[in-house]
Amino acid sequence: MARLAQTAGLTDIQQEILSTVRDFVDKEIIPVATELEHRDEYPQQIVDGLKELGLFGLMIPEEYGGLGESLLTYALCVEEIARGWMSVSGIINTHFIVAYMLKQHGTQEQREYFLPRMAAGEVRGAFSMSEPALGSDVSAITSKAVKDGDEYVLNGQKMWLTNGGTSTLVAVLVKSDEGHPEGTAPHKSMTTFLVEKEPGFGEVRPGLTIPGKIDKMGYKGVDTTELIMDGLRIPANRVLGGATGRGFYQMMDGVEVGRVNVAARGCGVAQRAFELGVSYAQQRHTFGKPIAQHQAIQFKLAEMATKVEAAHAMMVNAARKKDSGERNDLEAGMAKYLASEYCKEVVEDAFRIHGGYGFSKEYEIERLYREAPMLLIGEGTAEIQKMIIGRRLLEEYRFQG
Ligand SMILES: Cc1cc2nc3c(=O)[nH]c(=O)nc-3n(C[C@H](O)[C@H](O)[C@H](O)COP(=O)(O)OP(=O)(O)OC[C@H]3O[C@@H](n4cnc5c(N)ncnc54)[C@H](O)[C@@H]3O)c2cc1C
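Analysis parameters
Residues numbered from 1 in each chain as written. Predicted model: local features only at pLDDT ≥ 70, side-chain atom pairs only at ≥ 80, totals over all residues. Heavy atoms only, no water. Helix = DSSP H or I, 4+ residues; strand = E, 2+ residues; numbered from the N terminus. Buried < 20%, exposed > 50% of the residue type's maximum accessible area, 1.4 Å probe, protein only. Expected span 1.5 Å × (residues − 1). 1 Å grid on protein atoms, 1.4 Å probe; cavity = no way out; pocket = protein on both sides within 12 Å on 5 of 7 lines; lining within 4 Å. Points joined across faces, edges and corners; volume = space filled by probe spheres on them. Nonpolar A, V, L, I, M, F, W, Y, C, P; charged D, E, K, R; others polar. Arc of directions from axis to C-beta. Contact = heavy atoms within 4.5 Å. Domains from an automatic or database assignment. Buried area = accessible area lost by both parts, 1.4 Å probe. Near = heavy atom within 4 Å. Polar contact = N/O pair within 3.5 Å; in protein donor to acceptor, adjacent residues only side chain to side chain. Areas by Shrake-Rupley, 256 points an atom, 1.4 Å probe, with all protein chains shown as cover. Sits in = over half its atoms within 2 Å of the grid points.

K.L.:
Mind showing me how you'd approach unusual backbone geometry here?
P.N.:
With the exception of glycine, most residues fall at negative phi, and the peptide bonds are largely trans. A positive phi angle, close to 55°, is found at Ala5, a residue other than glycine. The residue Ala5 is located in the segment before helix 1 (12-38) in this model. Taking relative accessible area as the criterion, Ala5 reaches 13% and is therefore assigned buried. Phi is positive for Glu379, close to 60°, though the residue is something other than glycine. By the secondary structure assignment, Glu379 is in the loop between helix 9 (364-377) and helix 10 (382-396).

If you want it as structure tokens, here you go:
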């Protein structure tokens, strides 16, 4: 972007990575995104290109074959990619969360076994908390693991797995009663299992079925699926971190960086909507002049650009906070909340600027209009973000009187 969404203080390496990604987005993603999206086609060629650029290993430490970059670099890359096509950023997001969880919480053996192949994009990650009856209320999970010798037997149904079909490693959160007596708080009796599987649909491992793609209004191309565990046997050494009962905290840590990522996606989609709106407004004439010369449209553009700037600044702040080693739940929650709401509003304004043509599938804004709502839901809805923000504020500003 020429003027908006600049980030001060980037290193030469960060700038080089971003300019490479931006170039890739402009040449390889934007020209084909809308056509692929309308066909709901998996962007294999784009994914192969991202692999070559090393993006699947961007944040994986160099000792495991990754680029060892920061969350900020990652988020800025995601912003660029989402500007091209949000679904592509979805393809790398769950992979990134699982790699992050392995890096932070995995045993040495798990890190050595998975991370080098994840950095190369050979093993691709998905993460699974949601179930048909729950999304926000993770503590209500009913899928269960029961110990049987040196294995666990998993049963239950999961819902809404982004990359459920294409992934080969799923981090699955289930209840585990072993070592956690009846009455243990739900979040202390959950365990993350690292479940390897074949890519594709149907029975992808004995006891594990991926039924098929969920048909969605937008966010197409990337596969979103259910996952059914029916007597799925997982060895004890595939419990993330080697001990049961830590799954809730591990997942919440993953979701926290995921929220920065969703904020970055909101920034990228909003930027693209602004680009489309500002360009169309200078080409379309009504009442003898370009609509950009009507003050009402200029005001819209002013509001859109201000939202793009504000969302970008908050997203960068949240990423930098995490990179500095500090807790960033407040900043990540605020950034995710603001960026997703602003994204929806900027897209809506760009759509209005397009008049009737915005409703035509020939115009890119039609796709963005169907994509933006997903950001209001994924990685926690606006209400959930506000709950996190509110609780954290009350901790920080405890009444001393
Ligand atoms: C395209 C897509 C991809 C997804 N990918 C993944 C994935 O990869 N992995 C995964 O695990 N999940 C995934 N999800 C699931 C997503 O995280 C959930 O949909 C989301 O957390 C909301 O949960 P829910 O749909 O069950 O809504 P619910 O939790 O049922 O909420 C319904 C409504 O009630 C509101 N609400 C709920 N509780 C409260 C409260 N206490 N106070 C006020 N309001 C409340 C919510 O904000 C919402 O408006 C995906 C979802 C979509 C749509």
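Moving on, there is more to tell.
K.L.:
In this structure, what is going on with helix 3 (residues 71-84)? I would like to understand it.
P.N.:
For an α-helix, 3.6 residues make a turn, and residues three or four places apart therefore share a direction. The end-to-end C-alpha distance of helix 3 is 20 Å, a good match for the 20 Å that 14 residues give at a rise of 1.5 Å each. For helix 3, the tally of buried residues reaches 14 of 14 residues, placing the bulk of the element in the interior.

K.L.:
Would you mind going over the layout of surface pockets with me for this structure?
P.N.:
One way to see where empty space is left: roll a probe the size of a water molecule over the atoms. If you add up the space inside the largest pocket, you get close to 1,400 Å³. Lining of the largest pocket is provided by 50 residues; of these, Met129, Gly135, Gly378, Glu379 and Gly380 occupy positions nearest its centre. Only helix 4 (86-105), strand 1 (125-128), strand 3 (151-162), helix 6 (247-283), helix 9 and helix 10 provide two or more residues apiece to the lining of the largest pocket. Considering every element that reaches the lining of the largest pocket, the biggest residue donor is helix 6, with nine residues. Along the lines of polarity and charge, the residues of the lining of the largest pocket split into 19 nonpolar, 16 polar and 15 charged. There is about 270 Å³ of room inside the second largest pocket.

K.L.:
Help me understand empty space enclosed by the protein in this model?
P.N.:
Under the definition given, this model contains two cavities of 30 Å³ or more. Residue lining of the largest cavity: Leu55, Phe56, Leu58, Met59, Ile60, Tyr74, Ile92, His95, Phe96, Ala99, Tyr100 and Lys103, and that is the complete set. Looking at the lining of the largest cavity, its residues break down into 10 nonpolar, one polar and one charged. When its volume is computed, the second largest cavity comes out at roughly 30 Å³. Along its surface, the second largest cavity is lined by Asp40, Lys213, Ile214, Asp215, Lys216, Lys220, Val222, Asp223 and Thr224. Its residues assigned to classes, the lining of the second largest cavity comprises two nonpolar, one polar and six charged.

K.L.:
Looking at this structure, I do not really get helix 2 (residues 44-53). What am I missing?
P.N.:
Here helix 2 has its buried residues at Ile46, Val47, Gly49 and Leu50. Seen from one end, helix 2 has its buried residues packed into an arc of 160°, which puts them on one side. Exposed residues pointing more than 90 degrees away from the buried face of helix 2 are listed as Gln45 and Glu52. Residues of helix 2 that are buried sit in contact with helix 1, helix 3 and helix 4. Of the residues flanking the end of helix 2, it is Gly54, one or two places downstream, whose phi is positive at about 85°.

K.L.:
What exactly am I supposed to notice about the domain arrangement of the protein here?
P.N.:
Quite often, the size of an interface is put as the accessible area lost when its parts meet. Domain annotation of the protein identifies domain 1 (12-119), domain 2 (125-245) and domain 3 (249-396). Look at where the C-alpha atoms of domain 1 and domain 2 centre, and you get two points 23 Å apart. In this assembly, 25 residues from domain 1 lie in contact with 24 residues from domain 2. Between domain 1 and domain 2 the total buried area reaches about 2,000 Å² when both faces are included, carbon and sulfur atoms providing 61% of it.

K.L.:
What's the story with the site of the ligand in this structure? I'm lost.
P.N.:
Around the ligand lies a shell of 16 residues, among which Ser130, Ser136, Trp160, Thr381 and Glu383 are the nearest. Within the contact set of the ligand, an oxygen atom lies 2.8 Å away from a backbone nitrogen or oxygen of Met129. Between the ligand and Ser130, the relevant distance is 2.7 Å, taken from a nitrogen atom to a side-chain nitrogen or oxygen of the residue. When the ligand is considered free in solution it has 980 Å² of accessible area, and contact with the protein chains removes 64% of it. Of all the cavities here, the one that holds the ligand is the largest pocket. Counting residues per element, the ones that place at least two in the shell around the ligand are strand 1, strand 3, helix 9 and helix 10. Considering every element that reaches the shell around the ligand, the biggest residue donor is strand 3, with three residues. Across the shell around the ligand, the residue classes tally to nine nonpolar, six polar and one charged. Two domains each provide a minimum of three residues to the shell around the ligand, namely domain 2 (125-245) and domain 3 (249-396).

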